[in-house]
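Chain and residue survey
One letter stands for each residue in the lines below.
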Amino acid sequence: MRLSVLSSGSSGNVTYIASNTGGILVDAGLSCRRIRGLLARIGLSLDDVGAVLLTHAHSDHTSGVPSLVRERNLPVFAAPGVGEKLNAVTVAPGDPLQVSGLEARFFPVPHDAETYGLRLTDGERCVVVATDLGEVTPEVLRWMRGADVAVLEANHDIEWLRRGPYSADLKRRISSPNGHLSNHQAAEAALDLASRGLKDLVLAHLSRTNNSPARACGTVSRALREAGHGGVRVRAAIHGHPTPNIEVGEPLAEPGYVYGYGGGQQLFEVE
Ligand SMILES: [Zn+2]
Ligand SMILES: [Zn+2]
């Protein structure tokens, strides 16, 4: 299995996940044209996409669905309450969906709309995706455990949110149990997953106002290192720049490996 988070954040979310026989998109919050361009940057095309799976109906996760269906006639799958208006095929939470050589299961997460995470496996390796959730409940954690790679929300730094420009009401909504995950909440979940085989962590849905890749990766990496899990590779996904292709199940990095940030305008160095 391989994956790349093609784009992430409140202006559009798309993740590409592939088995040896095909690939899927998790969410499609950018137009078909933009997704085609992002896929090209990791050496792929829309021919490599066999289906779209939707986590929830918010437009930053679904706005590209009509153009993808129109231009490529791709099948769209979602759990109840998510994709009915987009003519998605409904899949019950927990039920296995076989698509593009992968088995996918939706599991519910707390957010201010009907929202689901995804657990995907090719029979050998496992990827979990959970963005747009207010908290990692024990049930959510159970769904995520044992994954080789997790794409997990790290929306905001709680201090930056508190001191930032948003209204009191919006701040409350973001940090509520039905809002978005903070860097510290992501770090807490990462510690649990790291003790159960996690090798790669991609922090996603970062706020451009209340977070930064350096802040998010710093908070989570530090927590992992201090708990003796310094070998877990931590990356941040950003808007409009695909992460490198991550080979699912690659052995842990050398302990003590420190994620390298580029200087100047560059947010981080891409391998
Ligand atoms: Zn979102
Ligand atoms: Zn959302």
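Let me begin by describing the structure that accompanies this report.

Rules used in this analysis
- Residues numbered from 1 in each chain as written.
- Chains lettered and ligands numbered in written order.
- Predicted model: local features only at pLDDT ≥ 70, side-chain atom pairs only at ≥ 80, totals over all residues.
- Heavy atoms only, no water.
- Helix = DSSP H or I, 4+ residues; strand = E, 2+ residues; numbered from the N terminus.
- Rg over C-alpha atoms; globule rule 2.2 N^0.38 Å.
- Buried < 20%, exposed > 50% of the residue type's maximum accessible area, 1.4 Å probe, protein only.
- Contact = heavy atoms within 4.5 Å.
- Areas by Shrake-Rupley, 256 points an atom, 1.4 Å probe, with all protein chains shown as cover.
- Donors = N, O, S within 2.8 Å, 3.2 Å for Na, K, Ca; no water.
- Tetrahedral: all angles 85-135°; square planar, octahedral: opposite > 155°, others 65-115°.
- Pairing = 2+ DSSP bridges.
- Expected span 1.5 Å × (residues − 1).
- Axes fitted to C-alpha atoms, helices over the stretch in contact; angles between N-to-C directions.
- Parallel < 35°, antiparallel > 145°, perpendicular 65-115°, else oblique.
- Nonpolar A, V, L, I, M, F, W, Y, C, P; charged D, E, K, R; others polar.

**Here's the deal with the overall build of the protein**
What the protein contains, in helices and strands, is eight helices and 14 strands. Taken over C-alpha atoms, the radius of gyration comes to 17 Å for the protein, in line with the 18 Å a tight globule of 271 residues would show. Dimensions of the protein along its principal axes, counting C-alpha atoms only, are 45 × 45 × 40 Å. Taken across its 271 residues, the protein has 55% of its residues classed as buried. Within the protein, counting contacts between residues at least 6 apart in sequence, those at least 24 apart form 63% of the total. With an accessible surface of roughly 11500 Å², the protein has 48% of that area assigned to carbon and sulfur atoms.

**Some details on the coordination of the zinc ion (ligand 1)**
In the first shell of the zinc ion (ligand 1), the protein supplies D60 (OD), H61 (NE2), D132 (OD) and H205 (NE2), at 2.1 to 2.2 Å from the metal. The coordination sphere of the zinc ion (ligand 1) comprises four donor atoms, whose angles at the metal cover 88 to 162°; the geometry is irregular. Considered as a linear motif, the donors of the zinc ion (ligand 1) on their single chain read D-H-x70-D-x72-H. Separating the zinc ion (ligand 1) from the zinc ion (ligand 2) is a gap of 3.5 Å, which D132 spans by donating to each of them. One end of the pair, D60, is in helix α2 (residues 59-62); the other, D132, is in the loop between β10 (126-130) and α4 (138-144), with 72 residues separating them in the sequence.

**As for the pairing of strand β3 (residues 23-26)**
Along β3, one buried face is formed by G23 and L25 and the opposite face, lined by I24 and V26, is buried too. Pairing of strand β2 (residues 14-18) with β3 involves four bridges; the strand directions are antiparallel. Bridge pairing in β3 places T15 opposite V26. The loop that links β2 with its antiparallel partner β3 comprises four residues. In this structure, β3 lies alongside strand β4 (residues 51-54), joined through three bridges in parallel fashion. Bridging from a neighbouring strand, V26 pairs with L53 of β4.

**Some thoughts on the environment of R162**
Mapping R162 onto the fold places it in helix α5 (residues 158-163). When the C-alpha atoms of R162 and R172 are compared, they prove to be 9.4 Å apart, with ten residues separating the residues in sequence.

**Side note on helix α8 (residues 213-226)**
Compared with an ideal rise of 1.5 Å per residue, which puts 14 residues at 20 Å, α8 spans 20 Å between its outermost C-alpha atoms and is within 8% of the ideal. Buried residues belonging to α8 abut α7 (183-194), β12 (200-204) and β13 (233-236).

**Considerations on the coordination of the zinc ion (ligand 2)**
All of the protein donors around the zinc ion (ligand 2) are H56 (NE2), H58 (ND1), H111 (NE2) and D132 (OD); their distances to the metal are 2.2 to 2.3 Å. Here the zinc ion (ligand 2) is ringed by four donor atoms whose angles at the metal span 83 to 163°, and the overall shape comes out irregular. Sequence positions of the donors to the zinc ion (ligand 2) reduce to the motif H-x1-H-x52-H-x20-D.

**Focus: the packing of helix α1 (residues 32-41) against helix α3 (residues 65-72)**
Across the interface, α1 lies against α3 with an axial gap of 8 Å and an inter-helix angle of 80°. One way to sum up the angle between α1 and α3 is to call them roughly perpendicular. Only S67, L68 and E71 of α3 make contact with α1, whose side of the interface consists of C32, I35 and R36. The residue makeup of the contact of α1 with α3, split by class, is three nonpolar, one polar and two charged.

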